[in-house]
Amino acid sequence: MKILTSAQIQELDDYTIAHESIKSIDLMERAAQALSRAIMNSWKTTSPMVVFAGPGNNGGDALAVARILAENGYSIDVYLFNISNKLSENCAINRDRLKNHPKITKFTEVTLNFEPPTLEANTVVIDGLFGAGLNKPLTGGFASLVKYINQSPCKVVSIDMPSGLLPENNTFNVRTNIVKADVTLTLQHKKLSMMMADMQPYIGQVKVLDIQLSEAFTQQIDAKYNIVEEHEVVEKLLTRSEFVHKGDMGHALLVAGSYGMAGAATLATQACLRVGVGKVTTHIPKHLLNILQISVPEAIVSVDPEKEYFTEPVDTDPFDALGIGSGLGQHENSAIAMIAQVRRAQCPIVVDADALNMLGTHRAWMQQLPKNIILTPHPKEFDRLIGNTSADSYERLAKACELAGRLHGFVLLKGHYTALCQPNGKVFFNSTGNGGMATAGCGDVLTGIITGLLARRYRHADACIVGMYLHGLAGDLAAQEMGKESMIAGDIIRWLPQAFKKLQALH
């Protein structure tokens, strides 16, 4: 699913109007019908509704929704803010349709002074002040209205976007002047800001409503940002012949673990095996030998000369992929061995966890990283990697895109919506996963999964996309079975077979 910019959304509207021979006012009515159905599915006619409509097309949507809800038996109070005495054409049409409607409880067109209504706990506010066309922070009376709504106990449903939230970059926005919606009914496509972790308190539950905008235009338009969907992952799955042997399925190398962090090496190894790779060799310090041999008997173990940490790179000629960093520790000797290992490797590489932290303390080494390398940082690891803290999620994502381009590699920025930043500038957000996966070891599992897929000869981008989707899907299946509170990283590994089966059934 593509994420369009506000400019592209306007182009999509214009294209639909031009090529479907539909008037813009009728397209607005189509949107209002979809919005009204979503509201009526969630609230009964006993819920009093207060509609705040702005002067643009978002306000026009809100006025049309008010009329439809009133016709279906809802008690509606409507406030249209026409401070500058300048409404969009469709907003003005819907105002005139609504003005003398017999079923509207109260209609007020605000041109100067405004006495806000009392918003009780059972009141539903329909926020139609400003939508995706907003390009600057709210100020003045609109900012005051937003603060009034936010301090009220009412429920808030925002049309398309919470008013005050910018569709892309909110780094310099005024957060107190953004509506905190309980539900956001967004039209046709999610907006980029909806994928940002720090914007979640404003958007609440997001529902994407299909208003039948041109599919032909959507397919042809070039979008930088995309959301990975199930069918796209299914298309990327490699099939397994009945006549393969383990040598055909790839040999993965994991360099992982240090004294006290045997679990990270174990989890990465188990996950790597579970994605169907033929063989996994895990290189560990001497003290971890018995733990790994007992916990993962299917793995081949390579033992470092040092007892407690990694010191000696492994010859990668026999291997099809390398994953390095899980539980590695940050001893200086390990750091030197790590960069030597990465520089010597002639196979695809995944760098995670402590290997990323080592790069963060030796940033000059970044110039030595090979093309197509895959980095899998969580936000704090990423900030350490680049040497400064990002102001917000959008800025961090922009920096991750810049880093991917500069390295000619892949930066997989982990989070609820994990973002894969590709060297060509494209970004793919993952659509699976849940809060139960916020537990130690989940990143090690992801490293094992992606390394295993690379060893199976998935292309770099496909290994990342399939890997992060499978990782989240296994977490979702585990959460369905046991709930989120008690999940541990090992549960994701245990549910990987079911995740694979679910996707392969669609292949």
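Residues numbered from 1 in each chain as written. Predicted model: local features only at pLDDT ≥ 70, side-chain atom pairs only at ≥ 80, totals over all residues. Heavy atoms only, no water.

As recorded in an unreviewed UniProt entry, the protein goes by the name Bifunctional NAD(P)H-hydrate repair enzyme, listed as coming from Hoylesella timonensis CRIS 5C-B1. Its UniProt record, at the heading Subunit (unreviewed entry), says of the protein: "Homotetramer." (UniProt positions renumbered as here; feature names shortened; annotations may be inferred.)

### Focus: the nonpolar core
If you look at the biggest cluster of nonpolar residues, it comprises 60 residues, and the most contacted ones within it are Leu420, Val445, Ile450, Met468 and Leu503. Broken down by element, the residue count for this core peaks at 13 residues, all from helix 16 (residues 460-482). Val255, Ile339, Leu356 and Met358 belong to the second largest nonpolar core, which has 54 residues in total. (Core = buried A, V, L, I, M, F, W, Y, C linked by side-chain atoms within 4.5 Å. Buried < 20%, exposed > 50% of the residue type's maximum accessible area, 1.4 Å probe, protein only. Helix = DSSP H or I, 4+ residues; strand = E, 2+ residues; numbered from the N terminus.)

### Some words on helix 5 (residues 140-151)
Residue pairs spaced three or four apart in an α-helix point in one direction, given the helix's 3.6 residues per turn. For helix 5, spanning 12 residues, the distance from its first C-alpha to its last is 17 Å, which sits close to the expected 16 Å at 1.5 Å a residue. Of the positions making up helix 5, those classed as buried are Phe142, Ala143, Leu145, Val146 and Ile149. The buried side chains of helix 5 occupy one side of the element, clustering within an arc of 160 degrees when seen end-on. Residues of helix 5 that are exposed and point more than 90 degrees away from the buried face comprise Gly140, Gly141 and Gln151. The inward-facing, buried residues of helix 5 abut strand 2 (49-53), strand 3 (76-81) and strand 6 (155-159). (Expected span 1.5 Å × (residues − 1). Arc of directions from axis to C-beta. Contact = heavy atoms within 4.5 Å.)

### Some points on the sheet that holds strand 17 (residues 419-421)
As summarised here, the arrangement of the 11 strands in space is 1-9-18-17-16-15-14-13-10-11-12, forming an open sheet in which the pairing is mixed. Since the sheet does not close on itself, it has two edges, and those belong to strand 1 (2-3) and strand 12 (300-303), each with one partner. Of the pairings in the sheet, the one linking strand 11 (residues 279-284) to strand 12 comprises four bridges and is parallel in character. Bridge pairing links Thr282 to Val301 in strand 12. (Pairing = 2+ DSSP bridges.)

### Describing the pattern of salt bridges
Per the stated rule, a full pass over the model turns up 17 salt bridges. For Asp160, the salt bridge identified is with Lys191, shortest N-O distance 2.8 Å. One end of the pair, Asp160, is in the loop between strand 6 and strand 7 (183-187); the other, Lys191, is in the loop between strand 7 and helix 6 (200-203), with 31 residues separating them in the sequence. Across the pair, Lys191 and Asp160 agree in class, each one buried. Residues participating in the shared-partner salt-bridge network are Glu29, Arg67 and Arg97. (Salt bridge = Lys/Arg side-chain N within 4 Å of Asp/Glu carboxyl O.)

### A word on the packing of helix 2 (residues 24-42) against helix 4 (residues 89-99)
The angle between the axes and the distance between the axes are what describe a pair of packed helices. For the pair helix 2 and helix 4, interaxial distance at closest approach is 10 Å and the crossing angle is 65 degrees. Comparing their axes, helix 4 and helix 2 come out roughly perpendicular. Classified by chirality, the crossing of helix 4 by helix 2 is right-handed. Residues Ser24, Ile25, Met28 and Glu29 of helix 2 form the contact with helix 4, whose own contacting residues are Asn90, Ile93, Asn94 and Arg97. (Axes fitted to C-alpha atoms, helices over the stretch in contact; angles between N-to-C directions. Parallel < 35°, antiparallel > 145°, perpendicular 65-115°, else oblique. Left-handed = near helix turned anticlockwise from the far one by under 90°.)

### What about the packing of aromatic side chains?
Tallied over the full model, the rule gives nine aromatic pairs. Centre to centre, the rings of Phe130 and Phe142 are 4.9 Å apart; their planes meet at 85 degrees, and the pair counts as edge-to-face. Highlighted residues: Phe130 in the loop between strand 5 (124-128) and helix 5 and Phe142 in helix 5, separated in sequence by 12 residues. Judged on exposure class, the residue Phe130 and its partner Phe142 are both buried. Each member of the aromatic cluster is reached from another via a ring pair, and the members are Phe52, Tyr79, Phe81, Phe114, Phe130 and Phe142. (Phe/Tyr/Trp six-rings, centres within 6.5 Å; stacked < 30°, edge-to-face > 60°.)

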